[in-house]
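Below, each chain spelled out in residue letters.
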Amino acid sequence: MFNLGHVALLMLLILIGWWLLRNLGLRDRAMQLVRRECERSDVQLLDESIALSGVRLARNRRGRPGLVRRYAFEFTVTGEHRYDGYIDLHGQQLLHLELAPHPFPDGSPRSDAEPPRSATIYRIH
């Protein structure tokens, strides 16, 4: 009673399960990077959450194609206003992390702040 159709269905379910678990792992990686950046920039991540806002095909610097996932989040400096930010991941590689323009907590930019890191990506159409 176990035929090729059942095997194909079972393989499809396993593939979907693997894909969901991988996405959760990538979301956790993005969350870790966002928390670290918020601590470094001395801002507070609101709601302690990020949300997948887009997926697209792109190539990294080595020409390797893959999915680029964009996660959106919100942060605050003083607790009064919400500001948007986003992070782009190609697999587990950080491509870009950006915080919207916001006032600095003490009124002046930090002199020890590193310039933002980014990678070159190429869209596949």
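Residues numbered from 1 in each chain as written. Predicted model: local features only at pLDDT ≥ 70, side-chain atom pairs only at ≥ 80, totals over all residues. Heavy atoms only, no water.

The protein is annotated in an unreviewed UniProt entry as DUF3301 domain-containing protein of Halopseudomonas sabulinigri.

Caption draft 1: Representation of the environment of V43. Tracing the backbone through its elements, the reader meets V43 in the loop between helix 1 (4–41) and strand 1 (44–45). Given a relative accessible area of 10%, V43 falls into the buried group. Linking V43 and V77, residues 34 residues apart in sequence, is a C-alpha distance of 4.9 Å. (Helix = DSSP H or I, 4+ residues; strand = E, 2+ residues; numbered from the N terminus. Buried < 20%, exposed > 50% of the residue type's maximum accessible area, 1.4 Å probe, protein only.)

Caption draft 2: Representation of the environment of G79 in the model. With respect to the helices and strands, G79 occurs in the loop between strand 3 (65–76) and strand 4 (83–90). Expressed as a C-alpha distance, the spacing of G79 and Q44, which sit 35 residues apart in the sequence, is 8.1 Å.

Caption draft 3: Broad picture of the packing of aromatic side chains. Scanning the entire structure with this criterion turns up 2 aromatic pairs. Measuring from centroid to centroid gives 6.5 Å for F73 and F75, while their planes differ by 45 degrees, and the two rings are tilted. Judged by its relative accessible area of 3%, F73 falls in the buried class. Among the residues examined, F75 registers a relative accessible area of 0% and is labelled buried. Put simply, the rings of F73, F75 and Y83 touch in pairs and so form one group of aromatic residues. The ring centre of Y86 lies 3.7 Å from the NZ or CZ of R70, which sits over that ring. (Phe/Tyr/Trp six-rings, centres within 6.5 Å; stacked < 30°, edge-to-face > 60°. Lys NZ or Arg CZ within 6 Å of the ring centre and 35° of its normal.)

Caption draft 4: Expanded view of helix 1. For helix 1, built from 38 residues, the straight-helix expectation of 56 Å at 1.5 Å per residue is met to within 8% by its first-to-last C-alpha distance of 55 Å. Taken as a whole, helix 1 has its buried residues at N23, L26, A30, M31, L33, V34, E37, C38 and S41. Considering only its buried residues, helix 1 is in contact with strand 1, strand 3, strand 4 and strand 5 (93–99). Put simply, N3 is the residue that caps the front of helix 1, since its side-chain oxygen is 3.0 Å from the backbone nitrogen of G5. At the exit of helix 1 stands D42, carrying a positive phi of roughly 60 degrees. (Expected span 1.5 Å × (residues − 1). Contact = heavy atoms within 4.5 Å. Polar contact = N/O pair within 3.5 Å; in protein donor to acceptor, adjacent residues only side chain to side chain.)

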